[in-house]
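Spelled out from the first residue to the last, the chains are:
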Amino acid sequence: MSFHSGFVCILGRPNAGKSTLLNALVGERLAIISPKPQTTRNRILGIVNVPKRKGSEAAQIVLIDTPGVHKPDSSLGRKMMMEVREALEGCDLLLMIVDVKQRPDREDGFLLDMVRKSGTPTILLLNKVDLLGQDKQKLLPLIDEFQQRAQFREIVPISARTKDGLDHLVEILVRALPTGPRYFPDDQITDQPTRFMAAEIIREQVLLAAREEVPHATTVVVESFEESEKLIRIAATIYCERGGQKAILLGKGGQMLKKIGTAARLQIEKMLGAKVFLELFVKVKAGWRDSREFVEGLDWRRQLEDLTGKVSR
Ligand code: GDP
Ligand code: MG
């Protein structure tokens, strides 16, 4: 009996549904989702263990969700695109995901260039087919157009939201992956530290609650994370870029921050299966998105490297 495994990178423009697909395939909320572009800022690993079925082998699919491919205009944007390129390296397979309600344009050209240059076999996913209703004929011109612009191993219509087509997609992935080892233990579903996931959950609530430029100007840092028998105490800071944004995040009499805090606490409790005491602060750090040092400091992989570096020294 052979075992199939490999790294599969999910690539696409902002808002195509990459993170929704990751969560749907893993069956857990690993990546935060919002209707706002550039919600995902770093690459996120999600592990899917597929049991042996009739006609297909057992497999481990290691998915990598990435920030949306865009032309960066800040240190944060450049860091996000670095994350995309790092995710592409050493991948066995690419999933290029597009929104069927969007006409292909120049940005897709940029994306197709990345796909071609990677030289990695690619499956094209036509996402959000639930929005087409019964009229699946509408997919044909889109399929034609993409087929003319790159070589795809397969083209698969899906809905990441309703999970339509995902069983079929998993079968295709298992078949397309090489025989290989189990890279991660059976019970592991991500490589993200819980502390970082808590920060992301808070950021998700900020994204859902705030409008206009505030979501993009915001980042969240967990300052302390203390587990005791009864309770997990978390203190976190929401950074924004201007006084006006801070005022919005606090809201009248602190109402907005309270709403964000309560919603985030409930989500974190659900993730950890424990009672949480969450304390939130809002601070202004002008131009943080353009500070390479600050942006690098937000990277948990970098933080871990620094920590283990210190320990071993
Ligand atoms: P990402 O930026 O590519 O990671 O996209 P997200 O996963 O954050 O999704 C962006 C928006 O599209 C969110 O509002 C999702 O709920 C929505 N979305 C994602 N997949 C689908 C889908 O299959 N159907 C519909 N109708 N909406 C979707
Ligand atoms: Mg995303």
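All of the points below concern the structure found in this document. Please read these numbers as outputs of a predicted model, since none were measured by experiment.

## Some points on the site of ligand 1
(1) Moving on: Near ligand 1 you find 18 residues, and of these G17, K18, T20, D130 and R161 are the closest.
(2) Moving on: Note that an oxygen atom of ligand 1 is positioned 2.7 Å from one of the side-chain N or O atoms of K18.
(3) Moving on: At 3.0 Å from an oxygen atom of ligand 1 is found a main-chain nitrogen or oxygen belonging to A160.
(4) Moving on: Compared with its free state, where it exposes 580 Å², ligand 1 has 92% of that area covered by protein.
(5) Moving on: Sort the elements by how many residues they give to the shell around ligand 1 and helix α1 (residues 18–26) lands first, with three residues.

## Points about the pattern of salt bridges
(1) Moving on: Per the stated rule, a full pass over the model turns up 22 salt bridges.
(2) Moving on: The closest approach of N and O atoms between E57 and K52, which form a salt bridge, is 3.9 Å.
(3) Moving on: One salt bridge in this structure joins D99 and K128, with 3.2 Å as the shortest N-O distance. One end of the pair, D99, is in strand β4 (residues 93–99); the other, K128, is in the loop between β5 (122–127) and α4 (139–149), and 29 residues separate them in sequence.
(4) Moving on: Here the salt bridges share partners, and the residues they tie into one network are R43, K79, E83, E86, D191, D299 and R301.

## Details of the environment of Q188
(1) Moving on: Tracing the chain through its elements places Q188 in the loop between α5 (166–176) and α6 (194–209).
(2) Moving on: Considering only alpha carbons, one finds Q188 and G309, 121 residues apart in sequence, at a separation of 24 Å.
(3) Moving on: Of note is the side chain of Q188, whose polar atom sits 2.9 Å from the backbone oxygen of T190.

## Quick look at the state of the cysteines
(1) Moving on: For the structure shown, the criterion picks out zero disulfides.
(2) Moving on: Summary of cysteine pairing: C9 is not part of a disulfide, and the nearest cysteine sulfur, belonging to C91, is at 4.5 Å.

## Quick look at the sheet that holds strand β6 (residues 154–157)
(1) Moving on: What the six strands build is an open sheet, ordered β2-β3-β1-β4-β5-β6; its pairing is mixed. Two strands in the sheet have a free side with no partner beyond their single neighbour: β2 (44–50) and β6. Shown here is a sheet whose adjacent strand axes are inclined to one another by a mean of 25°, direction ignored.
(2) Moving on: Pairing between β2 and strand β3 (residues 59–65): seven bridges, direction antiparallel. The partner of N49 across the bridge, within β3, is Q60.
(3) Moving on: Along the sheet face, helix α2 (residues 75–88) touches β1 (4–12), β3 and β4 and points at about 150° away from the line of β1.

Conventions we followed
- Position numbers for residues count from 1 along each chain, tracking the sequence in the order it is written.
- For naming, the first written chain is A and the first written ligand is 1, with later ones following in the order written.
- It should be noted that, the model being predicted, local features are given only for residues of pLDDT at least 70 and side-chain atom pairs only at 80 or more, the latter also being counted only at that level, while totals for whole chains, interfaces and linings use all residues.
- Side-chain calculation: all heavy atoms of the structure are included, whereas hydrogens and water are not.
- Nearness of a residue to a molecule or strand requires only that one of the residue's heavy atoms be within 4 Å of it.
- Counting of polar contacts relies on pairs of N or O atoms within 3.5 Å, with two restrictions inside protein: one atom must be capable of donating a hydrogen and the other of accepting it, and residues adjacent in sequence are counted only when both atoms are side-chain atoms.
- Computed by Shrake-Rupley with a 1.4 Å probe, the accessible areas treat only the displayed protein chains as cover when residues are assessed.
- Numbering of helices and strands runs from the N terminus; a helix is a DSSP stretch of H or I covering at least four residues, while a strand is a stretch of E covering at least two.
- In what follows, salt bridge is the name for a side-chain nitrogen of Lys or Arg lying within 4 Å of a carboxyl oxygen of Asp or Glu.
- Disulfides are defined as cysteine sulfur pairs within 2.5 Å.
- Paired strands, in this sense, are two strands between which DSSP finds at least two bridges.
- Lines fitted to C-alpha atoms define the axes, with helix axes restricted to the stretch in contact, and inter-axis angles between N-to-C directions lie between 0 and 180 degrees.
- Any two residues whose heavy atoms approach within 4.5 Å are treated as being in contact.

What is shown is where atoms sit, not what they do.
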